[in-house]
Amino acid sequence: MENENQSLEEEDWGMKTWKNLEKVREKSPLIQCITNYVSMDLMANTLLASGASPAMLHCLQEIPDFTPHADALCLNVGTLSPDWLPSMKSAAELVNELGKPWVFDPVAVSASEFRLKTCIELVGLKPAVIRGNASEILALANASRDTHNSKGADSSHGSMDAIEAAKSLAKASGAVVAVSGAVDIITDGQRLVGVHNGVAMMQRITATGCAVTALIAAFVAVDPLHAFEATASALTIFGVAGEIGMDMAKGPSSLRMHLIDSLHGLDQATVLSRVNISCMSRGS
Ligand SMILES: Nc1ncnc2c1ncn2[C@@H]1O[C@H](COP(=O)(O)OP(=O)(O)O)[C@@H](O)[C@H]1O
Ligand SMILES: Cc1ncsc1CCOP(=O)(O)O
Ligand SMILES: [Mg+2]
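In this convention, every chain numbers its residues from 1, walking through the sequence in written order. Lettering of chains starts at A and numbering of ligands starts at 1, both following the order in which they are written. For a predicted model such as this one, the threshold for reporting local features is a pLDDT of at least 70, and the threshold for listing and counting side-chain atom pairs is 80 or more; totals across whole chains, interfaces and linings nevertheless cover every residue. Just so you know, side-chain values use all the structure's heavy atoms and leave hydrogens and water out.

**Student:** Quick one: what's the story with the site of ligand 1, residue by residue and with numbers?
**Tutor:** Proximity criterion: a residue is near a molecule or strand once any of its heavy atoms comes within 4 Å of it. Taken together, 15 residues sit near ligand 1, with Arg131, Asn133, Ser180, Asp184 and Gln203 positioned nearest. Here a polar contact is taken to be a pair of N or O atoms separated by no more than 3.5 Å, where protein atoms must pair a possible hydrogen donor with a possible acceptor and residues adjacent in sequence count only if both atoms sit in side chains. Contact between ligand 1 and glycine 181: an oxygen atom at 3.5 Å from a main-chain N or O atom of the residue. Valine 199 places a polar main-chain atom, nitrogen or oxygen, 3.3 Å from a nitrogen atom of ligand 1. Protein coverage of the free-state accessible area of ligand 1, which is 550 Å², stands at 90%. Per the convention used, a helix needs a DSSP run of H or I reaching at least four residues, while a strand needs a run of E reaching at least two, with both numbered from the N terminus. Of all the elements in the fold, those that place two or more residues in the shell around ligand 1 are strand E5 (129–133) and helix H9 (208–222). Gly falls in the polar group here, along with every residue not listed as nonpolar (Ala, Val, Leu, Ile, Met, Phe, Trp, Tyr, Cys, Pro) or charged (Asp, Glu, Lys, Arg). The class makeup of the residues in the shell around ligand 1 is six nonpolar, seven polar and two charged. Surface accessibility in these figures is a Shrake-Rupley result with a 1.4 Å probe; residues are shielded only by whichever protein chains are displayed.

Okay, structure coming up:
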């Protein structure tokens, strides 16, 4: 019987990525997002352009009625407030009870002791995937505030710097961990792939990281048993949309528009010709 390592080795990432996008388009998963004020618009539009259905809903009283209808949950602490924390925890606990996945974005985890403590608590609620930039994943993996870490939402490290941190966070949390950057790193603690798609200008648009985390939630929603592959696919699709968008863009603002248009219009031939995922470790 084919084992997991062999199947990964033989994997056709292009076709897998395309099929995962097709699944999102066919099933149109409902993604509940409890996110920051900055990202709501880009996140919702990214989900819509991919074929998923976004719902930015954070009222504690609505969670028992609404959350069971969601196919996945996306939690993001970008504009963290103690008022929203009970909603975040309650929604995560509910999707866990219902056996549905949730995805976590620890935006600017080092900004304060409160944020770090909150992020550690949320990781304890078993997200299926954690996606952050290198500085965020390094800080979360170290689980202590390092005064040399950047405190804002942007990364001061390259994704390659966070490979070991990502692996150890994946092992400790049980989540798939994704580190975005020039090469997006995805690991489940054993396997590790690098996604080489995307353009540097994506960093110059606020909330692209938040948006790709929500896209990961949509991809994991339609294939929850393969969160590793779903995460790599979502990051690849977002990167490919950025590359095509960049051909038409004059700067960050028009890239934002063209990225969304490109995501909406992606076809099989384009995806197959552009997917650039490398296997960096097959696990043991
Ligand atoms: N130098 C780069 N080259 C190509 N793509 C990049 C680069 N930096 C970031 N990206 C892409 O931009 C998106 C947001 O990533 P990032 O800027 O790291 O997140 P955040 O906004 O959370 O800091 C991801 O899809 C990532 O792949
Ligand atoms: C600038 C900013 N401040 C609080 S949340 C936020 C957006 C962060 O978005 P991203 O992590 O995708 O850059
Ligand atoms: Mg971010």
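**Student:** Quick one: what's the story with the packing of helix H5 (residues 85–97) against helix H6 (residues 113–123), residue by residue and with numbers?
**Tutor:** To obtain an axis, a line is fitted to C-alpha atoms, over the contacting stretch when the element is a helix, and the angle between two such axes runs from 0 to 180 degrees between their N-to-C directions. With their axes 11 Å apart at the nearest point, H5 and H6 run at an angle of 15° to one another. Our classification of the angle between H5 and H6 gives roughly parallel. Seen from above, H5 lies across H6 with right-handed handedness. Residues Leu85, Met88 and Lys89 of H5 pack against Phe114, Thr118, Glu121 and Leu122 of H6. A per-class count over the contact of H5 with H6 returns four nonpolar, one polar and two charged. The labels follow the angle: roughly parallel below 35 degrees, roughly antiparallel above 145, roughly perpendicular from 65 to 115, and oblique for the rest. The handedness criterion is simple: a crossing whose near helix is rotated anticlockwise from the far helix by less than a right angle is left-handed, and one whose near helix is rotated clockwise is right-handed. Contacts are assigned to residue pairs that have any heavy atoms within 4.5 Å of one another.

**Student:** Residue-level account of the pattern of salt bridges, with values.
**Tutor:** Any Lys or Arg side-chain nitrogen found within 4 Å of a carboxyl oxygen on Asp or Glu counts as a salt bridge. Under the defined criterion, the tally for this structure stands at nine salt bridges. Taking the shortest distance from any N to any O, the salt bridge between lysine 23 and aspartate 223 comes out at 3.5 Å. In this pair, lysine 23 is assigned in helix H2 (residues 13–27) and aspartate 223 in the loop between H9 and helix H10 (227–248), connecting sequence segments 200 residues apart. For the exposure calls, accessible area comes from a 1.4 Å probe over protein chains only, and a residue counts as buried if that area is under 20% of its type's maximum, exposed if over 50%, partly exposed in between. Its relative accessible area of 24% is what places lysine 23 among the partly exposed residues. Its salt-bridge partner being arginine 256, residue aspartate 41 comes within 3.0 Å of it at the nearest N-O pair. Taken together, the residues aspartate 41 in helix H3 (residues 40–50) and arginine 256 in helix H11 (residues 252–265) connect sequence positions 215 residues apart. Look at aspartate 41 and you get partly exposed, because its relative accessible area is 43%. Each member of the salt-bridge network shares a partner with another, and the members are Lys89, Lys117 and Glu121.

**Student:** Residue-level account of the pairing of strand E3 (residues 72–76), with values.
**Tutor:** Counted residue by residue, E3 has five buried out of five residues, so it is predominantly covered. Judged by which residues are buried, E3 turns out to be covered on both faces: Ala72, Cys74 and Asn76 on one side and Leu73 and Leu75 on the other are all buried. Here, strands pair whenever DSSP counts at least two bridges between them. In terms of strand pairing, strand E1 (residues 30–34) meets E3 through four bridges, oriented parallel. The partner of isoleucine 31 across the bridge, within E3, is alanine 72. The pairing of E3 with strand E4 (residues 102–105) spans four bridges and is parallel. By the bridge assignment for E4, asparagine 76 is matched with aspartate 105. The parallel pair E3 and E4, bridged by H5, forms a crossover whose chirality is right-handed. Crossovers are marked right-handed if the path from the first strand over the helix to the second runs clockwise, as seen with the strands pointing away from the viewer.

**Student:** Please give an account of the site of ligand 2 that cites residues and values.
**Tutor:** For ligand 2, the full set of nearby residues is Asn36, Val38, Gly78, Ala153, Thr206, Ala207, Thr208, Gly209 and Cys210. Within the contact set of ligand 2, an oxygen atom lies 3.4 Å away from a backbone nitrogen or oxygen of alanine 207. The separation between an oxygen atom of ligand 2 and a polar main-chain atom of glycine 209 is 2.9 Å. Bound to the protein, ligand 2 loses 76% of the 370 Å² it would expose on its own. Residues of the shell around ligand 2, tallied by class, amount to four nonpolar, five polar and no charged.

**Student:** Quick rundown of H6? Include the residues and the values.
**Tutor:** An α-helical segment advances 3.6 residues per turn. Residues three or four places apart therefore align on the same side. Here H6 has its buried residues at Arg115, Leu116, Thr118, Cys119, Leu122 and Val123. With its buried residues spanning 165° around the axis, H6 presents them on a single face. It is the directions from the helix axis to the C-beta atoms whose arc is reported.

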